Amino acid sequence: MNEICDMLDTYTGRDKIVRTLCYTTKLAAGLYVNKDPDFSKKLAIFSSKMSQTRATLRLFDDLPMLAYSLNYGTGSKEPDRIMGLIGFITNMIDHVYYPVDKICWMIEYKLLQVKNPDRWDTINSVFWVASIYLNLMKTIRSYTVMEQHKTHINKPENESSHALRMLHVKQRMELISIVRLSLDLVHAGSTLPSGMLWGGRFESWQVGLIGTVSSFIGLYQYFAKKRIAAAKSS
């Protein structure tokens with residue numbers, strides 16, 4: 001109970017809960033669409049409201065993102081120059097994504113009139129896909145760098161060392177992140193218009209399933225990282 005309350009006290013934790021509710025109900029709505037259309041409609045409305053909640057909360061992400069980017073700089077603190085470059089480019093893309101996302105939000109709520117609303121949705125999806133793809137590439141690179149580092153310390157005399165154990169833990173977490181980001185990339189690509197990647201090819205329940213699995217992986221990582229941090233400090 002305390003862990004759940006602590007999670008709900010943070011923006012990141014609350015977003016993960018809302019995201020999970022959004023996609024689990026989207027999945028359920030798709031599965032019940034023929035069995036119980038009325039119940040399916042209620043679930044779809046709930047899912048839509050959760051999605052709108054996340055979109056509204058993203059309106060306040062600009063300043064935290066700017067602070068993160070200024071601290072990140074050109075990625076000189078990364079263990080690998082390629083990771084630093086990918087991280088820097090990703091941050092630049094995200095700084096363009098957030099204003100576009102706000103424009104889409106204003107269009108949705110009729111606060112802004114444009115000639116082609118779908119075009120802005122497409123631009124938004126393109127930036128979303130690009131950001132996830134680059135994060136995926138960065139995570140894969142991180143896993144590779146750890147694997148290379150492991151070969152240097154993976155010797156009989158180091159098998160029980162704390163550093164090696166922590167490296168194995170970090171590598172497992174990166175592997176889980178690769179799976180989660182791959183699912184997110186599939187999901188983001190499905191929001192593109194037909195003819196772009198695999199846009200428009202998935203049914204609602206399939207999108208819900210992908211989002212649900214990704215969300216539960218994210219929840220697992222959230223609690224796993226807290227346990228790892230507690231183990232480090234003990």
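Further up the page is the structure itself.
The shown structure was predicted, so the numbers you read here are calculated from the model rather than taken from an experiment.

(A) The arrangement of the state of the cysteines in detail. Following the criterion strictly, the structure yields zero disulfides and no others. Left without a disulfide partner, Cys104 is nearest to the cysteine sulfur of Cys22, which lies 16 Å away.

(B) Focus on the packing of aromatic side chains. Scanning all chains against the criterion turns up five aromatic pairs. On the basis of an interplanar angle of 90° and a centroid distance of 5.4 Å, the ring pair of Tyr222 and Phe223 is categorised as edge-to-face. Across the pair, exposure class does not vary: Tyr222 and Phe223 are buried alike. One residue, Lys35, lies across the ring of Tyr32, its end atom 6.0 Å from the ring centre.

(C) Just a nonpolar patch on the surface, in detail. A contiguous nonpolar surface patch, about 330 Å² in accessible area, is contributed by Met106, Tyr109, Leu111 and Leu112. When you line up the elements, Met106 lands in helix α5 (residues 81-108).

(D) Broad picture of the pattern of salt bridges. In total, this model carries seven salt bridges according to the counting rule given. Across the salt bridge formed by Asp101 and Arg58, the nearest N and O atoms sit 2.8 Å from each other. One end of the pair, Asp101, is in helix α5; the other, Arg58, is in the loop between α3 (37-57) and α4 (62-72), with 43 residues separating them in the sequence. We classify Asp101 as buried; its relative accessible area is 7%.

(E) Geometry of the packing of helix α2 (residues 11-31) against α3. Running from N to C, α2 and α3 cross one another at 155°; their axes reach a closest spacing of 8 Å. The angle between α2 and α3 falls in the class roughly antiparallel. As α2 runs across α3, the sense of the crossing is left-handed. Contacts between α2 and α3 involve Tyr11, Asp15, Val18, Arg19, Leu21, Cys22, Tyr23, Thr25, Lys26, Ala28 and Ala29 from the first element and Ser40, Leu43, Ala44, Phe46, Ser47, Met50, Ser51, Thr53, Arg54 and Leu57 from the second. Partitioning the contact of α2 with α3 into residue classes produces 12 nonpolar, five polar and four charged.

(F) The nonpolar core, seen in detail. Counting eight residues, the largest nonpolar core is built from Val129, Ile132, Leu136, Ile178, Leu181, Leu185, Ala188 and Leu192. Counting residues per element, the ones that place at least two in this core are α6 (117-153) and α7 (162-190). Here the element with the most residues in this core is α7; it accounts for four residues.

Rules behind the numbers
Residues numbered from 1 in each chain as written. Predicted model: local features only at pLDDT ≥ 70, side-chain atom pairs only at ≥ 80, totals over all residues. Heavy atoms only, no water. Disulfide = S-S within 2.5 Å. Phe/Tyr/Trp six-rings, centres within 6.5 Å; stacked < 30°, edge-to-face > 60°. Buried < 20%, exposed > 50% of the residue type's maximum accessible area, 1.4 Å probe, protein only. Lys NZ or Arg CZ within 6 Å of the ring centre and 35° of its normal. Patch = residues over 30% accessible without salt bridge, like charges linked within 9 Å, V, L, I, M, F, W, Y side chains within 5 Å. Areas by Shrake-Rupley, 256 points an atom, 1.4 Å probe, with all protein chains shown as cover. Salt bridge = Lys/Arg side-chain N within 4 Å of Asp/Glu carboxyl O. Helix = DSSP H or I, 4+ residues; strand = E, 2+ residues; numbered from the N terminus. Axes fitted to C-alpha atoms, helices over the stretch in contact; angles between N-to-C directions. Parallel < 35°, antiparallel > 145°, perpendicular 65-115°, else oblique. Left-handed = near helix turned anticlockwise from the far one by under 90°. Contact = heavy atoms within 4.5 Å. Nonpolar A, V, L, I, M, F, W, Y, C, P; charged D, E, K, R; others polar. Core = buried A, V, L, I, M, F, W, Y, C linked by side-chain atoms within 4.5 Å.

The values reported here are purely geometric and, on their own, carry no functional implication.
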